[in-house]
Amino acid sequence: MTREEYEEKRRRLGADAADAKKALTRARAVYDNICDDLRNLRYEWQEQQDATDTTKQ
């Protein structure tokens, strides 16, 4: 491998790594939002069930 080949491959891998890091950051944000939505859904469901149980008594 020549120095030029090495430098070119290093640049490409560096660019790929930067793109992957951006994608990972976006995926983490989406995942965190979904987890928040799931947690909120569970809380809402539990509150609804608690309210229903209270009115039945």
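That block above? That's the structure.
A few points on the structure. (Residues numbered from 1 in each chain as written. Predicted model: local features only at pLDDT ≥ 70, side-chain atom pairs only at ≥ 80, totals over all residues. Heavy atoms only, no water.)

1. A few points about the environment of methionine 1
One can find methionine 1 in the segment before α1 (3-56). Taking the C-alpha atoms as reference points, methionine 1 and arginine 28, 27 residues apart in sequence, are found 37 Å from one another. (Helix = DSSP H or I, 4+ residues; strand = E, 2+ residues; numbered from the N terminus.)

2. Looking at the side chain of glutamate 7
Position of glutamate 7 among the secondary structure elements: in helix α1. A distance of 3.0 Å separates a polar atom in the side chain of glutamate 7 from a polar atom in the side chain of arginine 10. (Polar contact = N/O pair within 3.5 Å; in protein donor to acceptor, adjacent residues only side chain to side chain.)

3. Focus: the environment of alanine 18
If you trace the backbone, alanine 18 turns up in helix α1. Counting along the chain gives 15 residues from alanine 18 to arginine 3, while the straight-line C-alpha distance between them is 22 Å.

4. Regarding the pattern of salt bridges
The final tally for this structure, using the stated rule, is five salt bridges. Between glutamate 7 and arginine 3 there is a salt bridge, with the nearest N and O atoms lying 3.9 Å from each other. Of the two residues, glutamate 7 and arginine 3 are both situated in helix α1; the distance of four residues between them amounts to about one turn of the helix. Here glutamate 7 falls in the buried class, since its relative accessible area comes to 18%. A salt bridge links arginine 39 to aspartate 36; the shortest N-O distance between them is 3.1 Å. Highlighted residues: arginine 39 and aspartate 36, both in helix α1, separated by three residues, approximately one helical turn. Judged by relative accessible area, aspartate 36 falls into the partly exposed class, the value being 30%. Each of Arg3, Glu7 and Arg10 takes part in one network of salt bridges that share partners. (Salt bridge = Lys/Arg side-chain N within 4 Å of Asp/Glu carboxyl O. Buried < 20%, exposed > 50% of the residue type's maximum accessible area, 1.4 Å probe, protein only.)

Note that every value here comes from positions in space, so none of it alone points to a role or purpose.
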